[in-house]
Amino acid sequence: MKSHDLIIIGGGPAGLAAALSARRAGVQDVLILERDHVLGGILNQCIHNGFGLHTFKEELTGPEYAARFIAQVKEENIPYRLGATVISISREKLVTYVSREDGLVQVQAKALILAMGCRERPRGALNIPGSRPAGIFSAGTAQRLMNIEGYQVGKEVVILGSGDIGLIMARRMTLEGAKVKVVAELMPYSGGLKRNIVQCLDDFGIPLKLSHTVVEIHGKERLTGITLAQVDENRRPIAGTEEYYACDTLLLSVGLLPENELTRALDVTMSRVTNGPEVDDRLQTDCEGVFACGNVLHVHDLVDYVSEEAALAGKNAAAYILTQQTAGKTVPITADGGVRYTVPQKLDPENMADSVTIRFRVADVYRDRYICVYCNGERIRRIKKRVLAPGEMEQVILKKSELKQPLASIRICTEVE
C-alpha cells in the first residue's frame, strides 16, 4: 500500500487551488484523485464569462479559468490520477479508490482535503405530479449536453428555479435559437446573482415569475407542456392561479447539494443548513487532519472565493503535516438575526491567524440593514448594507487583535438599527 503526505479528493477548482497552495507551503508529496477523465471539474462546461475577476483581475470563461490552474499544477509536477473514483475514506485517512487502469487501490495519507464539489437536486426531490416523459433535465445536465456533447436539448423551454445555472441556461438556450417562455421560482426572491438576472433574463426579455411553481407535467413519451401556479406564503399552490405553458423541455434549477457521501463515513459533525461538514477557522473538520473546502463545504456563488478558500485549506493542511499542530479549544460562531449559517462554524482563538474570513448567507431579502459582529456579548463590528439577498454570499473579516480575551462567544447577525 502506497502512502502520501497529502491526498486531495477532487480535481476541480477547489482541489487544484488546494494542491498548489500545499505544494508552495512546503509539502512535496501531494496526490490529486479525480473521477472525471479531465481536471477542471464543473468549470469545463461553464463556457460563459464572469470568472477570475478577483483571482486574475480579468474576466475569463470557465475553461480558461480552469486551464490556468491546470497549467500551474503541471508546472509544479503535482501528480494526479484521472478516472479515479474514491469509494471510501476512514478516520485513519485510509483512502480506497477504483480506476480502469489501477483497479482497486488503497492509499494512506497524513492529511486529507475534501474537495468533491456539489451536485444538483433531482426531480425526485420535488414531488411534481405527472409521468416521466423525455424532455426534463436538470440545468447542469442540459449545460453539459449543449456545451460539451454538442446537443440541442429543446426548442420551447420552461425553467423551474432561478439559481445561477438556470439563469445562465436561459440565456444559453436563447442564443442557440430556443424560446425560453418563463423562469419560475418557488421563493419570493431569486436564488441567483443580481447580475445574472439582468444579463440572462432582462436583456433577453425572459419573464421571471416569483412565488410560482410547476404543479403538473403533461405528456407521456415527450413533454408537451406544464402547468404553473402561484404559491402562498407557505409555498402551497393557490387554486385558480394555474397557467398552462406548451413546451418540449423543462429545466430544473432547484438547488445544489454538497457531495458529502464520503464525508459522512468519517462520522464528522455535519451542518444541517449547508449540508457540509462543520469546520474551524483552519477549515479542519472534527476529524483531525481532514480539511474541507469549496462547494463540498458550502455552495459558493463565485469560483474566485472557492479558490481563495481552497488555498487556505491547502496552506493549513501543509502546516498540519509539517508541524503536526493540533487544534486547541474552539469557540462556536453563532448565526442568528437573519444570518442562516457561517463558515467556519468555530474559531480557535489561541492558534487563529491574524485575520479570519467568515462567509455566510442570509435567510431572506433585507434592505437597509447592518451586519453586526458581537464578541463576548459586545458589538465590535457594524457594517451598513443597502441590500442583502440569499443568492449572494456575504463575508466579514475578523482580526485577532480586536477579539476580546478570553474569548467566550462570537455572534454574527443582521440588525435594522
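Above this text you will find the structure in question.
Overview of the structure. Bear in mind that the values here come from a model prediction, so they are computed numbers and not experimental data.

## Section: unusual backbone geometry
Phase 1 of the analysis: The omega torsion across Val343 and Pro344 is 5°, close enough to zero to call that bond cis.
Phase 2 of the analysis: Tracing the sequence through the fold places Pro344 in the loop between β21 (339-343) and β22 (346-347).
Phase 3 of the analysis: Backbone torsion omega between Gln405 and Pro406 reads -5°, so that peptide bond is classified as cis.
Phase 4 of the analysis: Looking at the secondary structure, you find Pro406 in the loop between β26 (394-399) and β27 (410-415).

## Here's the deal with the pairing of strand β14 (residues 212-218)
Phase 1 of the analysis: Alignment of β14 against strand β15 (residues 225-230), held across six bridges, turns out to be antiparallel. Bridged to Val214 within β15 is Leu228.
Phase 2 of the analysis: Where β14 folds back onto β15 in an antiparallel hairpin, the turn is made up of six residues, including Gly219, whose phi is positive at roughly 115°.

## Considerations on the packing of aromatic side chains
Phase 1 of the analysis: Per the counting criterion, the structure on display carries four aromatic pairs.
Phase 2 of the analysis: Where Tyr65 meets Phe69, the ring centres are 5.4 Å apart and the plane angle is 40°; that geometry is what we call tilted. Taken together, the residues span about one helical turn, with Tyr65 and Phe69 both in helix α2 (residues 62-75) at a distance of four residues.
Phase 3 of the analysis: Overall, Tyr65 belongs to the buried group, its relative accessible area being 0%.
Phase 4 of the analysis: Residue placement shows Arg369 over the ring face of Tyr366; its charged tip is 4.0 Å from the ring centre.
Phase 5 of the analysis: It is Arg382 that lies over the ring of Tyr370; its NZ or CZ is 3.7 Å from the centre.

## So, the sheet that holds strand β16 (residues 243-246)
Strand pairing in a sheet relies on backbone hydrogen bonds, with the paired strands running either antiparallel or parallel.
Phase 1 of the analysis: The three strands lie next to each other as β14-β15-β16, forming an open sheet whose pairing is antiparallel. Taken across any chain shown, the strands that pair with only one partner, and hence form the sheet edges, are β14 and β16. Strand-to-strand twist in this sheet, taken as the mean axis angle between neighbours without regard to direction, amounts to 30°.
Phase 2 of the analysis: Across four bridges, the pairing between β15 and β16 is antiparallel. Of the residues in β16, the one forming a bridge with Leu228 is Glu243.

## Concerning the pairing of strand β2 (residues 30-34)
Phase 1 of the analysis: Among the five residues that make up β2, five are buried, leaving the element largely enclosed by the rest of the structure.
Phase 2 of the analysis: Across the two faces of β2 the burial is the same, with Val30, Ile32 and Glu34 and Leu31 and Leu33 all buried.
Phase 3 of the analysis: Crossover handedness for the path strand β1 (residues 2-9) to helix α1 (residues 13-24) to β2: right-handed.
Phase 4 of the analysis: Relative to strand β5 (residues 80-82), β2 is paired through three bridges, and the arrangement is parallel. Within the sheet, the bridge partner assigned to Glu34 lies in β5 and is Leu82.

## Topic: helix α7 (residues 303-323)
Each α-helix winds once per 3.6 residues, and so residues spaced three or four apart point in a common direction.
Phase 1 of the analysis: Between its terminal C-alpha atoms α7 stretches 30 Å, which fits the 30 Å expected from 21 residues at 1.5 Å a residue.
Phase 2 of the analysis: Downstream of α7 by one or two residues, Gln324 has phi in the positive range, about 55°.

Quick notes on the rules
- Residues numbered from 1 in each chain as written.
- Predicted model: local features only at pLDDT ≥ 70, side-chain atom pairs only at ≥ 80, totals over all residues.
- Heavy atoms only, no water.
- Helix = DSSP H or I, 4+ residues; strand = E, 2+ residues; numbered from the N terminus.
- Pairing = 2+ DSSP bridges.
- Phe/Tyr/Trp six-rings, centres within 6.5 Å; stacked < 30°, edge-to-face > 60°.
- Buried < 20%, exposed > 50% of the residue type's maximum accessible area, 1.4 Å probe, protein only.
- Lys NZ or Arg CZ within 6 Å of the ring centre and 35° of its normal.
- Axes fitted to C-alpha atoms, helices over the stretch in contact; angles between N-to-C directions.
- Right-handed = clockwise from strand over helix to strand, strands pointing away.
- Expected span 1.5 Å × (residues − 1).

By themselves, these are just geometric observations and shouldn't be taken as functional.
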